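Letter by letter, the chains look like this.
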Amino acid sequence: MKKRQKQHLYSAYNKGFTIIELLFVIAIIGILASIAIPKYADYVEKSNVSIAIQDIAMMSALIKAYDLDAGDFPDALADIGLGNKLDPWGSPYQYLNLNKNGNGGARKDKKLNPLNSDFDLYSMGKDGKTKTQITQKDSVDDVLRANDGAFIDLASKY
């Protein structure tokens, strides 16, 4: 009988969590969240860059096919049915026919050489801002086509 009473007293004493235990659990959850949230944001950003690279490669192929059919590159993306196409960040893709518009508005590297000789095609990236020279702050997150299509990736990697 004494054994039963001791067991009963012990279970009455240990009915819930103490404040210290709850704070400890909350601290662990906070630490895990502070690690996981930035990792997830990086994953989403890498995924968006990958989607933009694939879109630019596909649109570049369509633009070159248009050139084979019409004998010149389109004046705008709308000419190939992609006028309303948005990048993964919600901004329209940027296109410039360099044969008709010249190199005046062309994207340029750090030595101010044009990136392409045929057409420029790019996404303004996460910040939605861009400058003509790709080494400037507003352009380093742009996903672009360079070397006449031999390079499609982030401007910061060019």
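Computed from a prediction, not measured in an experiment: that's the story for all the values here. (Residues numbered from 1 in each chain as written. Predicted model: local features only at pLDDT ≥ 70, side-chain atom pairs only at ≥ 80, totals over all residues. Heavy atoms only, no water.)

## Quick word on the overall build of the protein chain
So, point 1. Scanning the protein chain from terminus to terminus reveals three helices and four strands.
So, point 2. When the helices and strands of the protein chain are read in sequence order from the N terminus, they spell out α-α-β-α-β-β-β.
So, point 3. Counting only residues that meet the buried cut, the protein chain has 31% of its 158 residues in that class.
So, point 4. Taking all contacts inside the protein chain whose residues are at least 6 apart in sequence as the whole, residues at least 24 apart take part in 49%.
So, point 5. Total accessible area on the protein chain stands at roughly 10,600 Å², and carbon and sulfur atoms take up 59% of it. (Helix = DSSP H or I, 4+ residues; strand = E, 2+ residues; numbered from the N terminus. Buried < 20%, exposed > 50% of the residue type's maximum accessible area, 1.4 Å probe, protein only. Contact = heavy atoms within 4.5 Å. Areas by Shrake-Rupley, 256 points an atom, 1.4 Å probe, with all protein chains shown as cover.)

## Structural notes on helix α2 (residues 19-70)
So, point 1. The end-to-end C-alpha distance of α2 is 75 Å, a good match for the 76 Å that 52 residues give at a rise of 1.5 Å each.
So, point 2. Those residues of α2 that fall on the buried side of the exposure criterion are N48, V49, A52, D55, I56, M59, S60 and I63.
So, point 3. The inward-facing, buried residues of α2 abut β1 (94-97), β2 (119-123), β3 (143-146) and β4 (151-154).
So, point 4. Directly after α2, the chain includes G71, whose backbone phi takes a positive value near 85°. (Expected span 1.5 Å × (residues − 1).)

## Focus on the packing of aromatic side chains
The description of an aromatic ring pair uses the distance of the two centres, along with the angle that the planes make with each other.
So, point 1. Scanning all chains against the criterion turns up three aromatic pairs.
So, point 2. Note on F151 and Y158: the rings are 5.1 Å apart at their centroids and 65° apart in plane angle, and the pair reads as edge-to-face.
So, point 3. For F151, a relative accessible area of 17% gives the class buried.
So, point 4. Residue classification places Y158 among the partly exposed positions, given a relative accessible area of 37%. (Phe/Tyr/Trp six-rings, centres within 6.5 Å; stacked < 30°, edge-to-face > 60°.)

## Comments concerning the pattern of salt bridges
So, point 1. Counted under the stated rule, the structure contains seven salt bridges.
So, point 2. The salt bridge involving K100 is made with D75; its shortest N-O contact spans 2.9 Å. On the criterion of sequence distance, the pair formed by K100 in helix α3 (residues 98-101) and D75 in the loop between α2 and β1 is long-range, its members being 25 residues apart.
So, point 3. Note that R145 is salt-bridged to D118, the shortest N-O span being 3.0 Å. On the criterion of sequence distance, the pair formed by R145 in strand β3 and D118 in the loop between α3 and β2 is long-range, its members being 27 residues apart.
So, point 4. Classification of R145 by relative accessible area gives buried; the value is 1%.
So, point 5. With relative accessibility at 10%, the residue D118 sits in the buried group.
So, point 6. Here the residues in one salt-bridge network are D72, D75 and K100, joined through shared partners. (Salt bridge = Lys/Arg side-chain N within 4 Å of Asp/Glu carboxyl O.)

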